[in-house]
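Structural overview
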Amino acid sequence: MKGLINDPEKVVDEALEGFARANSTIVALHTDPNWVGRAVKRESGVAVVSGGGSGHEPLHAGFVGDGMLDAAVPGAMFTSPTPDAILAAIEGADTGDGVVLIVKNYTGDVLNFEMAAELAEASGHQSRIVLVADDVAVENSTWTAGRRGVAGTVLVEKVAGAVSAAGGSLDEVAKAAEEMSAKVRSMGLALRGCTVPHIGEPGFELADDEVEMGVGIHGEPGRARVAMASADTLTDELVDAIIKDGEFTAGNRVIVLVNGMGATPAYQLDIVYRRVAQRLDDLGITIERSLVGNYVTSLDMEGVSVTLASVGEDMLKLWDAPVHTAAIRKGF
Amino acid sequence: MALGTDWVLQWTALAAQAAHEHRVELIELDRAIGDGDHGENLDRGFTEVEKQLESATASDPAQVFRTIATTLISKVGGASGPLLGTAYLRMSSSAKEQLEPGDLAAMIEAASQGIQMRGKATEGEKTMVDAWAPAARAAAAAAASGADCIGVLEAASKAATDGAENTRPMVATKGRASYLGERSAGHLDPGAVSSSYILEAAVRAAR
């Protein structure tokens, strides 16, 4: 593959080094094992820690900072971090008030975070795991490893961080994260697969006239391969699937995230957002807040995901609470 | 003849060699139904295992298995790190200084149970369990019918190879491949295949 790479084996280490130097007032990089903490550790408060495979930048390290995460644990490309790295982050971030671990529902992530939580418990760290499983593309959890956690993770991390910043207890932070996790729904599509650097070939091949519908954030498929169509038609398919799945009816208020997968131009994300807004207007659903951009990417995958979360006044307040991270800044 | 620490070390060396030789093949199998990192992760894990064993003094099988377990858990990541790590941890718990045929069968059964517990998986879900569970049954049957150590390991290895092959028509219901649903049928499960290579290395080490 062609890319701005020195050594395929070192892409994660080198990217983290660059990220940390570029954002040195916000984050501090710890190595061997890798985890990213805040530049200045808080003196008290429930630590919110997340992590997962690398290749989804700015998730998760980009969301470390005031009002959001206390630490992020990046694994190898598309590979969950190992228990010792997660444990190091827990030990480093815990102020003594406990740790909420926000975990995307993938077999590897769940296994490694569970093992780390057990190890942390043994050394006196209280923790709660909150699973994010917002991907509606995976319909029947009896026949799969369960719904995947995808772009909705950003919303869960944001509200957890807001409750913690407001002085919430371990239970309160976990509860807010669980509530958002239960409300948020996403679905994505890919126009072109992505390439893991040390493998050098695309994870899957799509013909010019094909779209992978219901794709996960590693490019792994979900629903079906469909024919290429207009932006509106494809967006409708995403919105329909989400609306059908969640509790989205006239009178609802929602947060919308239109997320780029890494190689989708900004103008195309805006075109998708336009259609999402039209559809929600038609349904009588009020868009309270919106976010459009690359927040949960899949390396160089060309594609988009749509996320909706139906929210009340309390959740909106948490969403609006000040945040200062490398990837999201507002209210400061 | 019973098997001891030398066998475990030789097994590990051959397993590491297999992980390296089959790296690309396992990546390709995983690309078809997963995310393509299985060969990479396994090779990285076993390379590190060899490094760790070089610097450690290996006194008994249990200790070697424990070193392998902690190294795989801390270096592999993904699902296969904790799953294989748990398998080795269970083998460490059930291992004796000198392993007789019945001990080997019990050890493989412990590994199989550990994987099923950690992954909350059972047979027929197109995972590494489909190699380990039949291997454990075959090893127990061979030991019960009076096979020697090599005989028990041969039975386990053959059953694992057949078990891996049997994953081809299965529709995955666990792990990354489950998102493909029906489209996962027709492909071998990479975790079952790599597990069969690991058990094959156990036989070759004993011969």
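Scroll up a little and you will see the structure.
Now for a look at the structure at hand. Please read all numbers here as calculations on a predicted model, not as lab measurements.

With that out of the way, let us pick up unusual backbone geometry. Residues and elements named next belong to chain A. Along the chain, glutamate 57 connects to proline 58 via a cis peptide bond; the corresponding omega equals 10°. Structurally, proline 58 is set in the loop between β3 (47-54) and β4 (65-66). In this model, leucine 59 is joined to histidine 60 through a cis peptide bond whose omega is -5°. If you trace the backbone, histidine 60 turns up in the loop between β3 and β4. You will see that phenylalanine 78, though not glycine, has its phi angle at about 60°, which is positive. Here phenylalanine 78 is to be found in the loop between β5 (71-77) and α2 (83-93).

A separate point is the packing of helix α1 (residues 5-21) of chain B against helix α9 (residues 190-206) of chain B. Residues and elements named next belong to chain B. Interhelical geometry of α1 versus α9 gives an angle of 135° and a closest axis separation of 8 Å. Looking at the two axes, α1 sits oblique to α9. In this structure, α1 crosses over α9, and the sense of that crossing is right-handed. Across from Trp7, Gln10, Trp11, Leu14, Ala15 and Ala18 in α1, the residues of α9 making contact are Tyr197, Ile198, Ala201, Ala202, Arg204, Ala205 and Ala206. Along the lines of polarity and charge, the residues of the contact of α1 with α9 split into 11 nonpolar, 1 polar and 1 charged.

Glancing now at the pattern of salt bridges. All names here are of chain A. Enumeration according to the criterion identifies 33 salt bridges over all chains in this entry. Ionic pairing is found between aspartate 232 and arginine 274, a salt bridge with its closest N-O pair at 3.5 Å. Of this pair, aspartate 232 sits in helix α6 (residues 231-245) while arginine 274 sits in helix α7 (residues 266-283), and the two are 42 residues apart along the sequence. It is possible to trace a salt-bridge network through shared partners that takes in Asp232, Asp236, Asp240, Arg274, Arg275 and Arg279.

All names here are of chain A. Taken together, the 4 bridges between strand β1 (residues 27-30) and strand β2 (residues 35-38) define a ladder with antiparallel strand orientation. Considered in β2, the bridge of histidine 30 is made with tryptophan 35. Following β1, the chain reverses through 4 residues before pairing antiparallel with β2; aspartate 32 in that reversal takes a positive phi of roughly 55°. Relative to β5, β2 runs antiparallel, the two being bridged by 2 bridges. Pairing of glycine 37 across the sheet is with alanine 71, part of β5.

Quick look at the packing of aromatic side chains now. Considering all chains together, one arrives at 5 aromatic pairs over all chains under this definition. Taking the centre distance of 6.3 Å and the plane angle of 40° together, the rings of tryptophan 11 of chain B and tyrosine 88 of chain B count as tilted. Within this pair, whereas tryptophan 11 of chain B is found in helix α1, its partner tyrosine 88 of chain B is found in helix α5 (residues 80-94), the two being separated by 77 residues in sequence. A relative accessible area of 2% means that tryptophan 11 of chain B is categorised as buried. An aromatic cluster is present here, built from Trp7, Trp11, Phe65 and Tyr88 of chain B joined pairwise through their rings. In this structure, arginine 148 of chain A is placed above the aromatic ring of tyrosine 179 of chain B, and the distance from its NZ or CZ to the ring centre is 4.5 Å.

Let us now look at the sheet that holds strand β9 (residues 210-213) of chain A. Consider a sheet: its strands pair through backbone hydrogen bonds, and that pairing is either parallel or antiparallel. Residues and elements named next belong to chain A. Taken together, 6 strands build an open sheet; the order of strands is β10-β9-β8-β13-β11-β12 and the sheet is mixed. Lying at the two open borders of the sheet, with one neighbouring strand each, are β10 (224-227) and β12 (286-293). Strand-to-strand, the axes of this sheet are offset by a mean angle of 20°, without reference to chain direction. Direction of pairing for strand β11 (residues 253-260) relative to strand β13 (residues 302-310): antiparallel, over a ladder of 7 bridges. By the bridge assignment for β13, leucine 257 is matched with threonine 307. Contacting β8 (184-192), β11 and β13, helix α5 (residues 170-183) runs over the sheet at an angle of about 55° to β8.

Moving on: the nonpolar core. Considering soluble globular proteins, one finds that nonpolar side chains tend to be buried as a cluster. Membership of the largest hydrophobic core comes to 67 residues, with the highest contact counts inside it found for Phe63, Val100, Val154, Leu155, Met180, Tyr295 and Ile328 of chain A. The element best represented in this core is helix α4 (residues 153-165) of chain A, accounting for 7 residues. Residues Leu72, Met128, Ala136 and Leu153 of chain B belong to the second largest nonpolar core, which totals 63 residues.

With that settled, the discussion passes to the sheet that holds strand β6 (residues 99-104) of chain A. Residue and element names in this part refer to chain A. Reading across the sheet, the 6 strands line up as β1-β2-β5-β3-β6-β7 and stay open at both edges, with mixed pairing between neighbours. In this open sheet, the two strands that pair with only one neighbour each are β1 and β7 (127-132). Recorded for the sheet is a direction-independent mean angle of 25° between the axes of neighbouring strands. The sheet contacts of α5 involve β3, β6 and β7, and relative to β7 the element is tilted by about 10°.

Turning our eyes to something else, we now look at the side chain of serine 164 of chain A. Inspection of the secondary structure assignment puts serine 164 of chain A in helix α4. Setting aside residues up to four positions removed in sequence, serine 164 of chain A forms contacts with Arg42, Gly45, Val46, Val48 and Val173 of chain A.

Time to look at the interface of chain B and chain A. With 32 residues of chain B at the contact, the number on the chain A side is 38 residues. Interface area, chain B with chain A, both sides summed: about 2600 Å², of which 52% is carbon and sulfur. Together, Arg31, Arg118 and Tyr179 of chain B form the three largest contributors to the area buried by chain B at its contact with chain A, with a combined 29%. Inspection of the region where chain B meets chain A yields 4 salt bridges. Between glutamate 212 of chain A and arginine 183 of chain B there is a salt bridge, with its nearest N and O atoms 3.0 Å apart. Looking at the side of chain B that touches chain A, the elements with two or more residues in it are α2 (23-33), α3 (38-55), α4 (61-75), α5 and α6 (101-119) of chain B. No other element matches the 4 residues that α2 of chain B contributes to the side of chain B that touches chain A.

Take α6 of chain A next. Residue and element names in this part refer to chain A. The end-to-end C-alpha separation of α6 is 21 Å, in line with the 21 Å expected for 15 residues at 1.5 Å each. For α6, the full list of buried residues reads Leu234, Thr235, Asp236, Leu238, Val239, Ala241, Ile242 and Ile243. Structurally, α6 contributes buried residues whose contacts are with β8, β9, β10, α7 and β13.

Residue and element names in this part refer to chain B. For helix α8 (residues 149-166), spanning 18 residues, the distance from its first C-alpha to its last is 26 Å, which sits close to the expected 26 Å at 1.5 Å a residue. Buried residues of α8: Cys149, Gly151, Val152, Leu153, Ala156, Ser157, Ala159, Ala160, Gly163 and Ala164, and no others. For α8, the elements touching its buried residues are α1, α6, α7 (129-144) and α9.

Basis of the calculations
Residues numbered from 1 in each chain as written. Chains lettered and ligands numbered in written order. Predicted model: local features only at pLDDT ≥ 70, side-chain atom pairs only at ≥ 80, totals over all residues. Heavy atoms only, no water. Helix = DSSP H or I, 4+ residues; strand = E, 2+ residues; numbered from the N terminus. Axes fitted to C-alpha atoms, helices over the stretch in contact; angles between N-to-C directions. Parallel < 35°, antiparallel > 145°, perpendicular 65-115°, else oblique. Left-handed = near helix turned anticlockwise from the far one by under 90°. Contact = heavy atoms within 4.5 Å. Nonpolar A, V, L, I, M, F, W, Y, C, P; charged D, E, K, R; others polar. Salt bridge = Lys/Arg side-chain N within 4 Å of Asp/Glu carboxyl O. Pairing = 2+ DSSP bridges. Phe/Tyr/Trp six-rings, centres within 6.5 Å; stacked < 30°, edge-to-face > 60°. Buried < 20%, exposed > 50% of the residue type's maximum accessible area, 1.4 Å probe, protein only. Lys NZ or Arg CZ within 6 Å of the ring centre and 35° of its normal. Core = buried A, V, L, I, M, F, W, Y, C linked by side-chain atoms within 4.5 Å. Buried area = accessible area lost by both parts, 1.4 Å probe. Expected span 1.5 Å × (residues − 1).

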